[in-house]
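Coordinates in review
Listed below are the residues making up each chain.
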Amino acid sequence: MNRVHYNVSGLLNNSVKTQVKNVLSEIDGVHKINVDLGRSSIEVGYNDSTNENEIRNSIEHVGCRIE
């Protein structure tokens, strides 16, 4: 399994956290999602049926910006 870790801005509250988790869970191949509000970070575990670009686009679509 592949892993990617992002520091993001715009991760303001539990509502945004839930939106990020929901959008990432809809991606085929994503198995682990850890959103840390305190650190403004997102960690995603995924397999080869998706790619990092799709994950990044989904996070940014919610309104967070990857730093």
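Look above for the structure.
The present account deals with the structure reproduced in this document. Numbering of residues begins from 1 in every chain and follows the order in which that chain's sequence is written. Only residues with pLDDT of at least 70 get local features here, since the model is predicted, and only at 80 or more are side-chain atom pairs given and counted; chain-wide, interface and lining totals rely on the full set of residues. The side-chain values count all of the structure's non-hydrogen atoms but skip hydrogen atoms and water molecules.

**Some remarks on the sheet that holds strand β4 (residues 65–66)**
- Overall, antiparallel pairing links the 4 strands, which are arranged β2-β3-β1-β4 in an open sheet. Sheet topology places β2 (30–36) and β4 at the edges, where each strand pairs with a single neighbour.
- Here, any two strands with at least 2 DSSP bridges between them count as paired. The way it works is that DSSP assigns letters per residue, a run of H or I at least four long becomes a helix, a run of E at least two long becomes a strand, and they are numbered from the N terminus. Looking at chain direction, strand β1 (residues 2–9) and strand β3 (residues 41–46) are connected through 6 bridges and run antiparallel. Within β3, the residue paired with N7 across the bridge is S41.

**Things to note about the side chain of S41**
- Within the secondary structure, S41 is located in strand β3.
- S41 sits in the buried class, given a relative accessible area of 7%.
- Setting aside anything within four residues of it in sequence, one finds S41 in contact with H5, Y6, N7, L11, N34, V35 and D36. Under the scheme applied here, a residue whose accessible area is under 20% of the maximum for its type counts as buried, over 50% as exposed, and between as partly exposed, the area being computed with a 1.4 Å probe on protein chains only. Two residues form a contact once any of their heavy atoms are found within 4.5 Å.

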